[in-house]
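Here is what each chain is made of, one letter per residue.
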Amino acid sequence: MLLRLFLLFTIVPVVELALLIQIGGLLGLGPTLLLVMGTGFAGAWLARREGLRGWLAVRDELQGGQLPGESLVHALLILVAGIVLITPGVITDIAGILLLIPPVRRSLIARVRERLNAQIERGTIQVMSGSGGGFSGLYGNFGARPGTGGSGRGGGARTSRREIIIEENEPDGD
């Protein structure tokens, strides 16, 4: 994991710089700077618009008495897109803009969900819930509502403590 982070934070900036130099050689300094600034502004505007929509969906779910599931993941991905878009570079701008497109986010969430489910089935990730239950699945209701006794169906005593532990067991040779 540490190697992957190291590569991410060293190789991506080097590739971004090389691409900006190439684009600068083709277009010149002014147009290249305008391109980088234009994608940054457009991305910030899109992130703000989509982010507001995402947070309103989270708020609506919370007001409806539900724990936000997929809408919270969408809002988190929009936040990541905004952060990536303010980073100068061509690859990061493309990645950020793609994350702002709802069908792309849905596809990414589905892939991550499938991968996590596969890892849970293989035993490389273990998800356990403590007493009080409430865990119903990935991106679902992770805890019972207060006063429901852990079942989420009403009645029962208040749950004093719930815990979800995710352990990551890396397979041999990775």
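Residues numbered from 1 in each chain as written. Predicted model: local features only at pLDDT ≥ 70, side-chain atom pairs only at ≥ 80, totals over all residues. Heavy atoms only, no water.

A.B. asks: Would you mind showing me how to read the overall build of the protein chain here?
C.D. replies: In terms of helices and strands, the protein chain carries 5 helices and 2 strands. Along the protein chain, helices (α) and strands (β) appear in the sequence α-α-α-α-α-β-β when read from the amino end. A burial count over the protein chain gives 22% of its 174 residues as buried. Across the protein chain, every contact between residues at least 6 apart in sequence was considered, and the portion connecting residues at least 24 apart equals 52%. (Helix = DSSP H or I, 4+ residues; strand = E, 2+ residues; numbered from the N terminus. Buried < 20%, exposed > 50% of the residue type's maximum accessible area, 1.4 Å probe, protein only. Contact = heavy atoms within 4.5 Å.)

A.B. asks: Even after reading the chapter, I still don't get the side chain of serine 71, so can you show me in this structure?
C.D. replies: Inspection of the secondary structure puts serine 71 in helix α3 (residues 70-85). Note on serine 71: relative accessible area 10%, which makes it buried. A distance of 3.1 Å separates a polar atom in the side chain of serine 71 from a polar atom in the side chain of glutamate 61. (Polar contact = N/O pair within 3.5 Å; in protein donor to acceptor, adjacent residues only side chain to side chain.)

A.B. asks: Help me understand the environment of isoleucine 78, please; the structure alone is not making it clear to me.
C.D. replies: Summarising the element assignment, isoleucine 78 is placed in helix α3. For the pair isoleucine 78 and arginine 49, spaced 29 residues apart in the sequence, the C-alpha separation amounts to 9.8 Å. Discounting residues that sit within four places of it in the chain, isoleucine 78 has contacts with Ala47, Glu50, Gly51, Leu100 and Arg105.

A.B. asks: Can you walk me through the confidence of the model for the protein chain in this structure?
C.D. replies: Atomic detail in the predicted coordinates should be set aside for any region of low pLDDT. The predicted model of the protein chain averages 75 in pLDDT, with 72% of residues at 70 or higher. Within the protein chain, helix α1 (residues 2-27) carries the highest mean pLDDT (90), whereas strand β2 (residues 164-168) carries the lowest (53). A low-confidence stretch, residues 132-163 (pLDDT under 50), is modelled with 60 contacts involving residues beyond four sequence positions or located in other chains. (pLDDT = per-residue confidence, 0-100.)

A.B. asks: When you look at the pattern of salt bridges in this model, what are you seeing that I'm missing?
C.D. replies: A side chain with one charge can pair with a side chain of the opposite charge if their charged atoms come near. Following the criterion strictly, the structure yields 1 salt bridge and no others. Here aspartate 60 makes a salt bridge to arginine 59, at a shortest N to O gap of 3.5 Å. Take aspartate 60: its relative accessible area is 42%, and that puts it in the partly exposed class. (Salt bridge = Lys/Arg side-chain N within 4 Å of Asp/Glu carboxyl O.)

A.B. asks: Quick question: what am I supposed to make of α3 here?
C.D. replies: Three or four residues apart is the spacing at which side chains of an α-helix point the same way, because the helix has 3.6 residues per turn. Under the 1.5 Å per step criterion, the end-to-end length of α3 is 22 Å for 16 residues, consistent within 8% with the ideal 22 Å. Regarding α3, the residues found buried are Ser71, Val73, His74, Ala75, Leu77, Ile78, Ala81, Gly82 and Leu85. Structurally, α3 contributes buried residues whose contacts are with α2 (29-63), α4 (90-99) and α5 (102-122). (Expected span 1.5 Å × (residues − 1).)

A.B. asks: Is there a simple way to think about the side chain of aspartate 93 in this case?
C.D. replies: Note that aspartate 93 resides in helix α4. Look at aspartate 93: it is buried, it has no salt bridge, and the nearest opposite charge is arginine 105 at 15 Å. If sequence neighbours within four positions are ignored, aspartate 93 has contacts with Val36, Thr39, Val84, Leu85 and Thr87. (Lys, Arg positive; Asp, Glu negative; His and termini not counted.)

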